[in-house]
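Read off the chains here:
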Amino acid sequence: MQVTTKAIVLSSLKYGDTSLIVKAFTASEGIKSYLLKGVLTAKKGKLKAAYFQPLMQLELVANHRNKGSLENIREAKVAYHYQSFHTDIVKNAMTLFLAEMLGNSIHEEEQNHGLFEFLQAALQWLDAHDDIANFHIFFLLELTKYLGFYPDTSGLETGNFDLLEGEFTNTPSLNPMITGENLNYFKQLLGINFDKVNTVRMKKTNRQDLLKSLVLYFELHLQGFRKPKSLAVLNEVFS
């Protein structure tokens, strides 16, 4: 079946000397993996290797056989041209980290219109803004809305956030918790939007602690989730 769909690239792996295997989140059918034969050596044609960098927003004409095997892309064009995404060193590190987080978190081969629109808008916001130190933390927090484990905010005035239960509590337990100063910043990030994200002023160490807690939160709530290798690179860039 031939489909035309928007897609966001999550990863591309070299296959042999000339080809790529690309994993993308499509607007029409969720996660799809494609084999792009000869794309690394092709001088002409409708597919260029540069299109398949992490988090590129594309429009694809593809053949989807939906048999669990690698699919085929006939044509690709850039749907949104990033200005600073892959050239700014901080945004680039963030891009690699977020692409890996998304690749480890989204597995459904079905349409999720709300999630696709969120990703599209959030990534365009990142491209257009410069004060982005908290972006990745807020992005992951918002992402949990679409993955089904957004924090239960009913006990917001309490003194701990239980990462395993996904709720605020006054009852200490052996579960991993967000507490103290980090909890204060965590609460400030709940219920705001991207335009307010730079109003939360936190120190570098708090930001790293909070990010570590959020990655653990994903690990606790998503089966088979793998901690991203690019987390160390991101921390290095921000230190």
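Because the structure is a prediction, the values reported are computed rather than measured.

Undergrad: Tell me about the nonpolar core, residues and numbers included.
TA: By size, the foremost hydrophobic cluster in this structure holds 76 residues, and its most contacted members are Phe52, Leu55, Phe135, Phe139, Leu140 and Phe186. Filtering out sequence-adjacent residues up to four positions away, Phe139 remains in contact with Leu98, Leu102, Phe118, Leu119, Ala122 and Phe194.

Undergrad: Describe the pairing of strand 2 (residues 19–26), naming the residues involved and giving the relevant values.
TA: In terms of residue burial, strand 2 counts as a mostly covered element, since 6 of its 8 residues are buried. In terms of strand pairing, strand 1 (residues 2–15) meets strand 2 through 8 bridges, oriented antiparallel. When the sheet's bridge partners are listed, Ser12 is paired in strand 2 with Val22. Taken together, strand 1 and the strand that follows it, strand 2, pair antiparallel across an intervening segment of 3 residues, in which Gly16 is found at a positive phi of about 65 degrees. The hairpin turn running from strand 2 into strand 3 (residues 30–36), its antiparallel successor, is 3 residues long.

Undergrad: Talk me through the packing of helix 1 (residues 89–105) against helix 2 (residues 113–128); I want residue IDs and the actual numbers.
TA: Contact geometry for helix 1 and helix 2: axes closest at 11 Å, N-to-C directions at 165 degrees. With respect to helix 2, the axis of helix 1 lies roughly antiparallel. The two elements helix 1 and helix 2 cross, and the hand of that crossing is right-handed. Of the residues in helix 2, those touching helix 1 at Lys91, Met94 and Leu102 are Leu119, Leu126, Asp127 and Ala128. Tallied by class, residues from the contact of helix 1 with helix 2 come to 5 nonpolar, no polar and 2 charged.

Undergrad: So, the side chain of His136: which residues are in play, and what are the values?
TA: Here His136 is to be found in helix 3 (residues 135–147). When its relative accessible area of 2% is taken as the criterion, His136 is described as buried. A distance of 3.5 Å separates a polar atom in the side chain of His136 from the backbone oxygen of Ala133.

Undergrad: Describe the sheet that holds strand 7 (residues 167–169), and please don't skip the residues or the numbers.
TA: The strand order across the open sheet formed by 3 strands is 7-6-8, and the pairing between neighbours is antiparallel. Each end of this open sheet is capped by a strand with a single partner; those strands are strand 7 and strand 8 (177–179). Within the sheet, the average angular offset between the axes of one strand and its neighbour, ignoring direction, is 30 degrees. For strand 6 (residues 160–162) and strand 8, the ladder comprises 3 bridges, and the chain directions are antiparallel. Pairing of Asp162 across the sheet is with Met177, part of strand 8. Sitting on the sheet, helix 4 (residues 180–189) is in contact with strand 6, strand 7 and strand 8, with an inclination near 95 degrees to strand 8.

Undergrad: Please provide a residue-by-residue account of helix 3, values included.
TA: Taking 1.5 Å as the rise per residue, helix 3 with 13 residues should run 18 Å; its terminal C-alpha atoms sit 18 Å apart, in good agreement. Judged by how many residues are buried, helix 3 sits mostly within the fold: 11 of 13 residues are covered. Phe135, His136, Ile137, Phe138, Phe139, Leu140, Leu141, Glu142, Leu143, Thr144 and Leu147 are the residues of helix 3 that are buried. As for helix 3, its buried residues are in contact with helix 1, helix 2, helix 4, helix 5 (204–221) and helix 6 (231–238). Phi for Gly148, located one or two positions after helix 3, is positive at around 95 degrees.

Rules and cut-offs
- Residues numbered from 1 in each chain as written.
- Predicted model: local features only at pLDDT ≥ 70, side-chain atom pairs only at ≥ 80, totals over all residues.
- Heavy atoms only, no water.
- Core = buried A, V, L, I, M, F, W, Y, C linked by side-chain atoms within 4.5 Å.
- Buried < 20%, exposed > 50% of the residue type's maximum accessible area, 1.4 Å probe, protein only.
- Contact = heavy atoms within 4.5 Å.
- Helix = DSSP H or I, 4+ residues; strand = E, 2+ residues; numbered from the N terminus.
- Pairing = 2+ DSSP bridges.
- Axes fitted to C-alpha atoms, helices over the stretch in contact; angles between N-to-C directions.
- Parallel < 35°, antiparallel > 145°, perpendicular 65-115°, else oblique.
- Left-handed = near helix turned anticlockwise from the far one by under 90°.
- Nonpolar A, V, L, I, M, F, W, Y, C, P; charged D, E, K, R; others polar.
- Polar contact = N/O pair within 3.5 Å; in protein donor to acceptor, adjacent residues only side chain to side chain.
- Expected span 1.5 Å × (residues − 1).

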